[in-house]
Amino acid sequence: MITEIIYFNVFVILGAAIVAIAIGLSKLLATRKPSEAKLEVYECGNIHVTGDPRIQFKIHYYIFALLLVIFDVEMIFVFPWAVVFKSLGFFAFIEMVIFIAILMLGLFYAWRKGVMKWV
Amino acid sequence: MLTSGQLLEFANTNGIPIWVLDASIALLLSLAVFAICGLGVIVLVYMERKVAADFQLRWGPMHVGWRGTLQLIADAIKLISKEDIFPKNADPWIFRLAPTVMFLAAFVGLMVIPIGPKLVVQDLNIGLIYALAIPSIGVAGIIMAGFGSYNKYAMLGSMRSAAQMVSYEVPRALSIIGVVMIAGSAKLSAIVNAQSVWYVFLQPIGFVVFLVASLAEINRVPFDLPETESELVNGYHTEYSGMRFMFFLFAEYIAMMAASALTVVLFLGGWHGPGPAYLAPLWFLIKVFAVIYVMMWVRWTLPRFRIDQVMDLGWKVLLPLALLNILITGIIMLL
């Protein structure tokens, strides 16, 4: 367990170090001539950027995100069940079918309610 | 060659704590994994360009080196020496950290992929969940890039990416439940060892759902909505240049390698193949490249989906199919 955590941390640190070294190297080698027009963010057809990108706009999928939370929890619940499925037998299978059926009912309810329509 | 017993004894006699030993071995292994990644990405980008050229009846890169083999080295040198432009209004920390986050997520995820019998960095018991969970952190990097660069196109691209991740995470994870049920383990090496028959034959529905959802997860065509060139310029990495841009590219190709390696491990028999045991990594490599070739083939065959079609496919087709697959697998295993 400790070994696995050490490995994970070493991988993360080395990955970050590689990115830092590569970007540092490019800082040394690259030319650097900032100008007013170059530092402007890109926008099609405009010389000067109009408006602010960080505005409120309707994200269509926030209900999808709620559904994701439900199904991700389901997935975490189903994984251990699947690992020991062979020794659990018929009864556990029926239980899981009922569990998934309830979730599917919810999904079809959301479907009929028009949640999954992109308007 | 030192065995682990000798190493432990050496550490004990010299008073080196065990965790230092572990960490130094991990450091060597992570450098090796990075070297494999770098080499793999060079081969993949070359392959991508050559395959694309082949599908469009052109030659592709031909001038640098023999048949353009050194083209990627030239590109890397060019990218290193390019100016790292930092837009005026961009958020300094979020903008700079985004490529790191995306690269790390893809790179650390490779830790559990077994390329041969015993040839794996860390064979976790929950390797399968790890291999699904860690690479999907990459979407945080995409959203950081979109939000940090203060650009409308980048913002829209990253938002689309979030939508796509949300939709395809679920069918992708549920499609492999059938594999776990048959193999009886979530350890990747155990799953490969259990495959006397490739699971693609036992789990055809799961395989198709997994492959399609994988394409969506790594933002490949026909699901490359986060970076649609024709409408969003370049999506979330519009404002990036030089080395940071290269790390986005790097992360994308590593994610592609990891996704195809996972497909091979779960459905195509991993390192199994005819011939002596030392050929196992070679078989693994051949299968991975076959899957990658299929992905490139798909790229030049199918047009891009619209965003609502993407969401519909995820929730109304793939998710019910994945659940149906669990049901069918369970019934057949109980009979």
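Residues numbered from 1 in each chain as written. Chains lettered and ligands numbered in written order. Predicted model: local features only at pLDDT ≥ 70, side-chain atom pairs only at ≥ 80, totals over all residues.

J.: How would you sum up the overall build of chain B? Please name residues and give values.
T.: From N to C terminus, chain B includes 15 helices and zero strands. Counting only C-alpha atoms, chain B reaches 60 × 55 × 40 Å along its principal axes. Counting only contacts in chain B whose residues sit at least 6 apart along the sequence, the fraction spanning at least 24 positions is 78%. (Helix = DSSP H or I, 4+ residues; strand = E, 2+ residues; numbered from the N terminus. Contact = placed C-beta atoms within 7 Å.)

J.: Describe the overall build of chain A, naming the residues involved and giving the relevant values.
T.: The helix and strand tally for chain A stands at five helices and zero strands. Counted from the first residue to the last, chain A has its helices and strands arranged as α-α-α-α-α. Computed over C-alpha atoms, the radius of gyration of chain A comes to 25 Å, more than 25% over the 14 Å expected from 2.2 N^0.38 for 119 residues, which places it beyond the range of a compact globule. Along the three orthogonal principal directions, the C-alpha set of chain A runs to about 70 × 50 × 15 Å. (Rg over C-alpha atoms; globule rule 2.2 N^0.38 Å.)

J.: Before we move on, can you summarise the domain arrangement of chain B with the specific residues and values?
T.: All names here are of chain B. Once the domains are mapped, chain B shows domain 1 (17–81) and domain 2 (87–334). The gap between the C-alpha centroids of domain 1 and domain 2 is 19 Å. Taken together, the contacts link 13 residues of domain 1 with 16 residues of domain 2. For the side of domain 1 that touches domain 2, the element with the highest residue contribution is helix α2 (residues 18–55), accounting for 11 residues. Classifying every residue of the side of domain 1 that touches domain 2 gives 11 nonpolar, one polar and one charged. (Domains from an automatic or database assignment. Nonpolar A, V, L, I, M, F, W, Y, C, P; charged D, E, K, R; others polar.)

J.: Before we move on, can you summarise the confidence of the model for chain B with the specific residues and values?
T.: Residues and elements named next belong to chain B. Confidence along chain B averages 84 in pLDDT terms, with 99% of residues attaining 70 or more. Per-element confidence in chain B ranges from a low mean pLDDT of 72 for helix α12 (residues 229–232) to a high of 90 for helix α11 (residues 204–217). Quick note on the complex model: pTM equals 0.88, ipTM equals 0.84. (pLDDT = per-residue confidence, 0-100.)

J.: So, the packing of helix α13 (residues 242–267) of chain B against helix α14 (residues 280–299) of chain B: which residues are in play, and what are the values?
T.: Residues and elements named next belong to chain B. Two numbers describe how α13 lies on α14: the axes approach to 9 Å, and their chain directions differ by 115 degrees. For α13 against α14, the interelement crossing comes out right-handed. Contacts from Met 256, Met 257, Ser 260, Ala 261, Thr 263 and Val 264 of α13 reach α14 at Phe 284, Lys 287, Val 288, Val 291, Ile 292 and Met 295. Its residues placed into classes, the contact of α13 with α14 shows nine nonpolar, two polar and one charged. (Axes fitted to C-alpha atoms, helices over the stretch in contact; angles between N-to-C directions. Left-handed = near helix turned anticlockwise from the far one by under 90°.)

J.: So, the packing of helix α3 (residues 62–83) of chain A against helix α7 (residues 152–175) of chain B: which residues are in play, and what are the values?
T.: The N-to-C vectors of α3 of chain A and α7 of chain B enclose an angle of 25 degrees; their axes lie 9 Å apart at closest approach. When the axis of α3 of chain A is compared with that of α7 of chain B, the two are roughly parallel. Where α3 of chain A crosses over α7 of chain B, the two elements pack in a sense that is left-handed. Between α3 of chain A and α7 of chain B, the contacting residues are Phe 64, Ala 65, Leu 68, Phe 71, Asp 72 and Met 75 of chain A on the first element and Ala 163, Val 166, Ser 167, Glu 169, Val 170, Ala 173 and Leu 174 of chain B on the second. Residues of the contact of α3 of chain A with α7 of chain B, tallied by class, amount to 10 nonpolar, one polar and two charged. (Parallel < 35°, antiparallel > 145°, perpendicular 65-115°, else oblique.)

J.: How would you summarise the interface of chain B and chain A if you had to cite specific residues and measurements?
T.: Each partner contributes residues to the interface: chain B has 63 residues there, and chain A has 50 residues. The greatest single-element share of the side of chain B that touches chain A, amounting to 10 residues, is contributed by α7 of chain B. Each residue belonging to the side of chain B that touches chain A can be placed in one class, and the counts come to 39 nonpolar, 13 polar and 11 charged.

J.: Quick rundown of the nonpolar core? Include the residues and the values.
T.: All names here are of chain B. Val 180, Ile 254 and Ala 258 are the most contacted members of the largest nonpolar core, which totals 128 residues. Element by element, the count of residues in this core is highest for α13, at 19 residues. Looking at which domains feed residues into this core, each of domain 1 (17–81) and domain 2 (87–334) supplies at least three. Ignoring anything within four residues of it in the chain, the contact list for Ala 258 reads Ala 106, Gly 109, Leu 110, Ile 113 and Pro 135. (Core = buried A, V, L, I, M, F, W, Y, C linked by C-beta atoms within 7 Å. Buried ≥ 20, exposed ≤ 12 C-beta atoms within 10 Å, placed from the backbone.)

J.: Can you break down the environment of Lys 33 of chain A residue by residue, with the values?
T.: By secondary structure assignment, the location of Lys 33 of chain A is in the loop between α1 (2–29) and α2 (36–39). Exposure remark for Lys 33 of chain A: the 6 C-beta atoms within 10 Å place this residue in the exposed category.

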